[in-house]
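A closer look at the structure
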Amino acid sequence: MGCKLLSNNKGFTLVEVMVGAGLFMMVFLGVFIGSSQIAKLTSESATLNTSDNMVDAIIENIRQSFSTQIITLSKERSVEGLLNDTSKLPMAWSLDIDAPVEQCKECPGRYGYAIQSLGSYAGMYLVTVRFTHRDWAGEARTYEFIVGR
């Protein structure tokens, strides 16, 4: 009196179906999370690349027209003030705007610059430019270059 085995083995058991569905969901979630991370990184990379291009364009504009912007430095536009208090940077910028702060209060970036005469070199000036941007995690970037008349 032995046990009679079922001879119909054509389907899957409930346990097999659940294990298969669980594995499928793990693979699907992995692909979904990975693709969303790739999309996020691509977007951040594009923003940083575009902001770097904008910074380069602003610096080049300052280089080209610095002789019309030579100023007598005051405390507000001194290099020390520029480096220490980024909240008072006078210019605003975004990926397509470069204007005074008053014209673009919602712009995510700010910048300012100071021009100092290099006393020992007639006609040569040190330009210090300071940039901030919300997407740069609170970091400010400082660039210095020398220009001549």
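Quick note: structure is the one above.
Since the structure is predicted, the reported quantities are computational estimates derived from the model, not experimental observations.

Thresholds, definitions, all that
Residues numbered from 1 in each chain as written. Predicted model: local features only at pLDDT ≥ 70, side-chain atom pairs only at ≥ 80, totals over all residues. Heavy atoms only, no water. Core = buried A, V, L, I, M, F, W, Y, C linked by side-chain atoms within 4.5 Å. Buried < 20%, exposed > 50% of the residue type's maximum accessible area, 1.4 Å probe, protein only. Helix = DSSP H or I, 4+ residues; strand = E, 2+ residues; numbered from the N terminus. Phe/Tyr/Trp six-rings, centres within 6.5 Å; stacked < 30°, edge-to-face > 60°. Expected span 1.5 Å × (residues − 1). Contact = heavy atoms within 4.5 Å.

Quick look at the nonpolar core
Within the largest apolar cluster, 16 residues are counted, with the highest numbers of intra-cluster contacts made by I62, W93, Y111, V127, V129 and F131. Looking at this core, the elements that each hand over two or more residues are α1 (14-65), β3 (109-117), β4 (124-133) and β5 (140-148).

Concerning the packing of aromatic side chains
One pass over the full model with this rule turns up 4 aromatic pairs. Ring centres of F24 and F28 lie 6.4 Å apart, and the angle between their planes is 15 degrees; on these two criteria the pair is classed as stacked. Highlighted residues: F24 and F28, both in helix α1, separated by 4 residues, approximately one helical turn. Arranged with centres 6.1 Å apart and planes meeting at 90 degrees, the rings of W93 and F131 form a pair that is edge-to-face. Highlighted residues: W93 in strand β1 (residues 91-93) and F131 in strand β4, separated in sequence by 38 residues. By the burial criterion, W93 is buried, and F131 matches it. An aromatic cluster of three or more residues is present, and its members are W93, Y111, F131 and Y143.

Some details on α1
Here α1 contains 52 residues, and its C-alpha end-to-end distance of 76 Å stays within 8% of the 76 Å for a straight helix at 1.5 Å per residue. Within the sequence span of α1, burial applies to S51, M54, V55, I58, I59, I62 and S65. Buried positions along α1 lie against β1, β2 (98-100), β3, β4 and β5.

Overview of the environment of M124
For M124, the location among the structural elements is in strand β4. Given the relative accessible area of 31%, M124 is considered partly exposed. The spatial distance from the C-alpha of M124 to the C-alpha of I146 is 6.8 Å, given a sequence separation of 22 residues. Once you skip the residues sitting within four places of it in the chain, M124 turns out to touch Q116, S117, L118, I146, V147 and G148.

Interpretation in functional terms is not warranted from these geometric data alone.
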